[in-house]
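# What the coordinates show
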Amino acid sequence: MQALLRSFLRLGVGGHGRVPLALMQCVPFLIGLAVLVIELTPAHFIYTGPFLTAIPALAAVTLGPRGTATAATFALAISVITATYNQAWGSLQVYTNFLALALVSVAGFLTSGAMQARRQRELDQVRRIAVAAQEVVLRPVPARLGSVLAASLCLAAGTGAQVGGDLYEAVQTRYGVRMIVGDVRGKGLAAVRAVAVALGAFREAVHYEDELVEVMNHCAAALRREVAVPGAYDQEVLLEGFVTALIAQVPDGPVVQLVNRGHPPPLLLHQGRATTLMPISPMPPLGMEDLLTGPPLEAESYTFLPGDRLLLYTDGVIEARNRDSEFFALPEAMEGIRPSSPPPEFLEQLHQALVRHTEGDLADDVAMLLVDRLNGEPEPPSDGAGVGQRPL
């Protein structure tokens, strides 16, 4: 019962769709309380046996085997209390009620177990299809790209089996290593189409566009062409859809260049300290070009020295909450990981920290892309610029 109430109180994080289910889960226990009130008051002349029998039957529909057993125990306890209070022990009615309650409880427990197993099989099948569809679009990041070591991690939210809208990619080009991390608003097939369009434009443009801004512009133009196709997206997506995106470039020099369109800024880990690379001129996400004002967008450069680590991520990481609604402290988590950990191990430890924080209940998809600048790169110019704290 306590776990049920705690899950009901946390519905604000999970969304309005879970409210009716939580109310249905409370119904068997509310019926039990109503029976207890009737039996312990002058209204005990009302025959409540069928109501108690209904408790495990209703619980079997929404609470699963364990919840059904809890509800049956609750109903049994009420039966014992009321029989004792009304001095009804020894009557045929009491034992008939107990027998009916036992039969319905066993049947409800078995039925609930079968229903749960069937739902789990169906959900596993849908999840396998969703993961396969996502893997077609998101390919693994190579472990070595030019002057950096790389690793990626993508986690689906535990609230459903729909394909999410997170995207990432890292490509070695003649301009250096170019990367993108983005987040399409929404889930499902519409999000998958937008992810495929944005990644397709990025993978093509990175090889022939000199300017990083033009790569971003290609992604924006591709998305505009996609939403212009009649019937490709419903009206809600057309009115509210947008894509946040961050494109980074690691050239031969000790710098990283960023173009940010409304995406969470990356984190630079230098000598054990994580610093947020905030954009100087914040820009709106892709799909909201009407909000663009001021000077043209330009790439911003930050110092990126040998031994530094750069983490690109989606908002599902920093917006992950624990049971007290506290956000995940990503910079502190990065600083707490052993610096010598290779990129895959580093991301796995971040993953474990995130799981501990949320107790395994992710409310949104998570994508992370980590790159390490290899040693042996040229020394940075002695211009006094801060490391990862302001643009060069």
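One structure accompanies this document, and this report is about it.

The rules behind the values
- Residues numbered from 1 in each chain as written.
- Predicted model: local features only at pLDDT ≥ 70, side-chain atom pairs only at ≥ 80, totals over all residues.
- Heavy atoms only, no water.
- Helix = DSSP H or I, 4+ residues; strand = E, 2+ residues; numbered from the N terminus.
- Expected span 1.5 Å × (residues − 1).
- Buried < 20%, exposed > 50% of the residue type's maximum accessible area, 1.4 Å probe, protein only.
- Contact = heavy atoms within 4.5 Å.
- Phe/Tyr/Trp six-rings, centres within 6.5 Å; stacked < 30°, edge-to-face > 60°.
- Pairing = 2+ DSSP bridges.
- Patch = residues over 30% accessible without salt bridge, like charges linked within 9 Å, V, L, I, M, F, W, Y side chains within 5 Å.
- Areas by Shrake-Rupley, 256 points an atom, 1.4 Å probe, with all protein chains shown as cover.
- Salt bridge = Lys/Arg side-chain N within 4 Å of Asp/Glu carboxyl O.
- Lys, Arg positive; Asp, Glu negative; His and termini not counted.
- Charge placed at Lys NZ, Arg CZ, Asp CG, Glu CD.
- Core = buried A, V, L, I, M, F, W, Y, C linked by side-chain atoms within 4.5 Å.
- Axes fitted to C-alpha atoms, helices over the stretch in contact; angles between N-to-C directions.

## Some points on helix H8 (residues 212-227)
Helix length check: H8 (16 residues) gives 24 Å between terminal C-alpha atoms against 22 Å at 1.5 Å per residue, within 8%. Taken as a whole, H8 has its buried residues at Leu212, Val213, Val215, Met216, Cys219, Ala220, Ala221, Ala222, Leu223 and Glu226. The inward-facing, buried residues of H8 abut strand E4 (176-184), helix H7 (189-205), strand E5 (243-250) and strand E6 (255-261).

## A short note on the packing of aromatic side chains
In total, this model carries one aromatic pair according to the counting rule given. On the basis of an interplanar angle of 45° and a centroid distance of 5.6 Å, the ring pair of Phe29 and Phe74 is categorised as tilted. A residue pair is termed long-range when its members are at least 10 positions apart, and Phe29 in helix H3 (residues 19-39) and Phe74 in helix H5 (residues 64-85) qualify at 45 residues. The class for Phe74 is partly exposed, based on a relative accessible area of 24%.

## Describing the pairing of strand E2 (residues 148-155)
The sheet contact formed by strand E1 (residues 144-145) and E2 spans two bridges and is antiparallel. Looking at E2, one finds that Arg144 is bridged to Leu149. Between E1 and E2, which pair antiparallel and follow one another directly, the connecting turn spans two residues, one of which, Gly146, has a positive phi of 55°. As defined by bridge partners, E2 adjoins strand E11 (residues 366-373) across eight bridges and the pair is classed as antiparallel. Pairing of Val148 across the sheet is with Arg373, part of E11.

## Focus on a negative patch on the surface
Where like charges cluster on the molecular surface, the negative patch consists of Asp210, Glu211, Glu214 and Glu298. As for its placement among the helices and strands, Glu211 is situated in the loop between H7 and H8.

## Looking at the nonpolar core
In terms of nonpolar packing, the biggest core is built from 53 residues, with Leu167, Met179, Phe202, Val256, Leu286, Leu310 and Leu312 touching the most fellow members. At ten residues, H7 tops the list of elements feeding residues into this core. The residues contacting Leu167, other than those within four sequence positions of it, are Leu138, Ile180, Val181, Gly182, Val184, Val195, Ala198 and Leu199. In this structure, Leu155, Leu330, Ala333 and Leu347 belong to the second largest nonpolar core, which totals 24 residues.

## Re the sheet that holds strand E3 (residues 166-173)
Each strand in a sheet pairs with its neighbour through backbone hydrogen bonds, running either in the same direction (parallel) or in the opposite one (antiparallel). One open sheet holds the five strands; their spatial order is E3-E4-E5-E6-E9, and the pairing between them is antiparallel. The open sheet terminates on both sides in strands that have one partner only, identified here as E3 and strand E9 (300-303). Shown here is a sheet whose adjacent strand axes are inclined to one another by a mean of 20°, direction ignored. Sheet analysis places E3 next to E4, joined by eight bridges and oriented antiparallel. Residue Asp166 lies in a different strand from E4, and its bridge partner there is Asp183.

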